[in-house]
Amino acid sequence: MSRASIAVLVSIILLPLVVRHAIATEIWIFAIFGLGLNLLLGYTGLLSFGQSTFFGSAAYVAGWLLKHYAINVFLALGAGVAVGAVSALLVGYLCVQRSGLYFIMLTFALNQLFYFIAYQWTSITGGEDGMAGIPRPALLGIDFKDPLNYYAFVSLLFLISLFLMKKIVESPLGRILQAIRENEVRAEAVGYNVPRFKLLAFVIGGAFSGLAGVLYAMLFGIVPLEAISFVFSGNVVFATLIGGSGSLYGPIIGSFVFIWLSESMSVMWARWPLLLGVAFVIVVMFLRGGVVEAWTRFWSWRSSKQKT
């Protein structure tokens, strides 16, 4: 087992002892969300500002089913993953037809379309007030109303998600996506159907985002309108870049940083987003690989110093 894997397991054990259970749970949910974006941004080279489209859509659908039809947790999660994947298929099909700035603007525009639908469809989504009253049903006799039980469940799903994403990025599919990121023209020249592989990355990322959306809805018992907004998409982009895009563990680190700042620092200082802005500027200017690159540089410097 690698050091990174051990660090993740230790963090899962110690985190609820350090912060409130709700915050600890939210960190792992956000990490799952970040894993989906990182497949697009870090491994395929696609900057999407529409990930909250899949996150929010899945949260709304699963929340509605939980609230009005009392489905079990597994069905809710399955519905969320399916909705996330299908919405990503629809959005991705349109977006992969373009590249560069036009691609980014399409993801933004389509996200705004979904946001406007959610805002206006008050009979279903609750509009500006959000969809409240979402239950957290028990599973196999385990009461998920207990914060620690739900934390353990989310942590388990995060570990499964991390394992699956590791398999994906290390598979031939992952190598093809990285080839597209490095040189799209060359990848197409050797015979790869670039739009199709981009769309596949969209669908997989959407499925992970949908899973995170359902867990988020059950955590807080509400799907706020912000969950499908452009700002929420920007949050996961910032978190992934700060942690280190293109690294499997980057979104995890970014989730720690972002959720800790938003939940802890906001209580002490209302202008806490300034800290996030400073961190983002540092990453863009000096550390393109985020915290992961900073950590790697530190250990390389330390090793070279010990040898001398």
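First things first, this report covers the structure right here in the doc.

Conventions used here
- Residues numbered from 1 in each chain as written.
- Predicted model: local features only at pLDDT ≥ 70, side-chain atom pairs only at ≥ 80, totals over all residues.
- Heavy atoms only, no water.
- Helix = DSSP H or I, 4+ residues; strand = E, 2+ residues; numbered from the N terminus.
- Rg over C-alpha atoms; globule rule 2.2 N^0.38 Å.
- Buried < 20%, exposed > 50% of the residue type's maximum accessible area, 1.4 Å probe, protein only.
- Contact = heavy atoms within 4.5 Å.
- Areas by Shrake-Rupley, 256 points an atom, 1.4 Å probe, with all protein chains shown as cover.
- Axes fitted to C-alpha atoms, helices over the stretch in contact; angles between N-to-C directions.
- Parallel < 35°, antiparallel > 145°, perpendicular 65-115°, else oblique.
- Left-handed = near helix turned anticlockwise from the far one by under 90°.
- Expected span 1.5 Å × (residues − 1).
- Polar contact = N/O pair within 3.5 Å; in protein donor to acceptor, adjacent residues only side chain to side chain.
- Salt bridge = Lys/Arg side-chain N within 4 Å of Asp/Glu carboxyl O.
- Patch = residues over 30% accessible without salt bridge, like charges linked within 9 Å, V, L, I, M, F, W, Y side chains within 5 Å.
- Phe/Tyr/Trp six-rings, centres within 6.5 Å; stacked < 30°, edge-to-face > 60°.

1. Let's talk about the overall build of the chain
Part 1: Counting secondary structure elements, the chain contains 14 helices and two strands.
Part 2: Its C-alpha radius of gyration of 19 Å places the chain within 12% of the 19 Å reference for a compact globule of 308 residues.
Part 3: Structurally, the chain occupies a C-alpha span of about 65 × 45 × 40 Å along its principal axes.
Part 4: Relative to its full complement of 308 residues, the chain shows a buried share of 49%.
Part 5: By sequence separation, contacts in the chain at least 24 residues apart represent 77% of the contacts at least 6 residues apart.
Part 6: Approximately 15100 Å² of the chain is accessible, and the part contributed by carbon and sulfur atoms is 68%.

2. Notes on the packing of helix H1 (residues 3-18) against helix H7 (residues 147-170)
Part 1: In the contact formed by H1 and H7, the axes pass within 11 Å of each other and the chain directions differ by 165°. What the angle tells us is that H1 and H7 run roughly antiparallel. Where H1 crosses over H7, the two elements pack in a sense that is right-handed. Contacts from Val8, Leu9, Ser11, Ile12, Leu15 and Pro16 in H1 reach Leu148, Tyr151, Ser155, Phe158, Leu159 and Leu162 in H7.

3. Observations concerning helix H4 (residues 73-95)
Part 1: Taking 1.5 Å per residue, 23 residues should reach 33 Å; H4 reaches 32 Å between its end C-alpha atoms and fits that length.
Part 2: Buried within H4 are the following residues: Val73, Ala76, Leu77, Ala79, Gly80, Gly84, Ala85, Ser87, Ala88, Val91, Gly92 and Cys95.
Part 3: Residues of H4 that are buried sit in contact with helix H3 (51-69), helix H5 (100-120), H7 and helix H10 (194-220).
Part 4: N-cap assignment for H4: the residue whose side-chain oxygen lies 3.0 Å from the backbone N of Phe74 is Asn72.

4. What to know about the pattern of salt bridges
Part 1: Summed over all chains, the structure comprises three salt bridges.
Part 2: Note that Lys166 and Glu170 form a salt bridge whose closest N and O atoms lie 2.9 Å from each other. Of this pair, Lys166 and Glu170 both sit in helix H7, separated by four residues, roughly a single helical turn.
Part 3: Here Lys166 falls in the partly exposed class, since its relative accessible area comes to 32%.
Part 4: Overall, the relative accessible area of 44% leaves Glu170 in the partly exposed class.

5. Considerations on a nonpolar patch on the surface
Part 1: Together, Ile6, Val10, Ile13, Leu14, Leu17 and Val18 make up a nonpolar patch on the protein surface, roughly 610 Å² of accessible area in all.
Part 2: Residue placement: Leu17 occurs in helix H1.
Part 3: Look at Leu17 and you get exposed, because its relative accessible area is 69%.

6. Section: the side chain of Ser233
Part 1: Along the chain, Ser233 turns up in helix H11 (residues 230-243).
Part 2: Note on Ser233: relative accessible area 0%, which makes it buried.

7. Notes on H7
Each α-helix winds once per 3.6 residues, and so residues spaced three or four apart point in a common direction.
Part 1: Here H7 spans 34 Å end to end across 24 residues, near enough to the 34 Å set by a 1.5 Å rise per residue.
Part 2: Contacts made by the buried residues of H7 are with H1, helix H2 (21-41), H4, helix H8 (172-182), H10 and helix H12 (250-268).
Part 3: Among the residues of H7, the N-terminal cap falls to Asp146, whose side-chain oxygen and the backbone nitrogen of Leu148 are separated by 2.9 Å.

8. A closer look at the packing of aromatic side chains
Part 1: Counting across every chain of the model gives 19 aromatic pairs.
Part 2: Pairing Phe30 with Phe232 gives two aromatic rings, centres 6.2 Å apart and planes at 85°, and the pair type is edge-to-face. With a gap of 202 residues between them, Phe30 in helix H2 and Phe232 in helix H11 connect regions that are remote in the sequence.
Part 3: The buried category is assigned to Phe30, whose relative accessible area is 5%.

9. Notes on unusual backbone geometry
Part 1: Positioned with a positive phi, Ala70 is a non-glycine residue whose angle comes to about 50°.
Part 2: Mapped onto the secondary structure, Ala70 falls in the loop between H3 and H4.
Part 3: At Leu140, a residue that is not glycine, the phi angle is positive and equals roughly 55°.
Part 4: Inspection of the secondary structure assignment puts Leu140 in the loop between strand E1 (131-132) and H7.

10. Considerations on the environment of Trp121
Part 1: Along the chain, Trp121 turns up in the loop between H5 and helix H6 (122-125).
Part 2: Residues Trp121 and Glu188 lie 67 residues apart in sequence; the distance between their C-alpha atoms is 42 Å.

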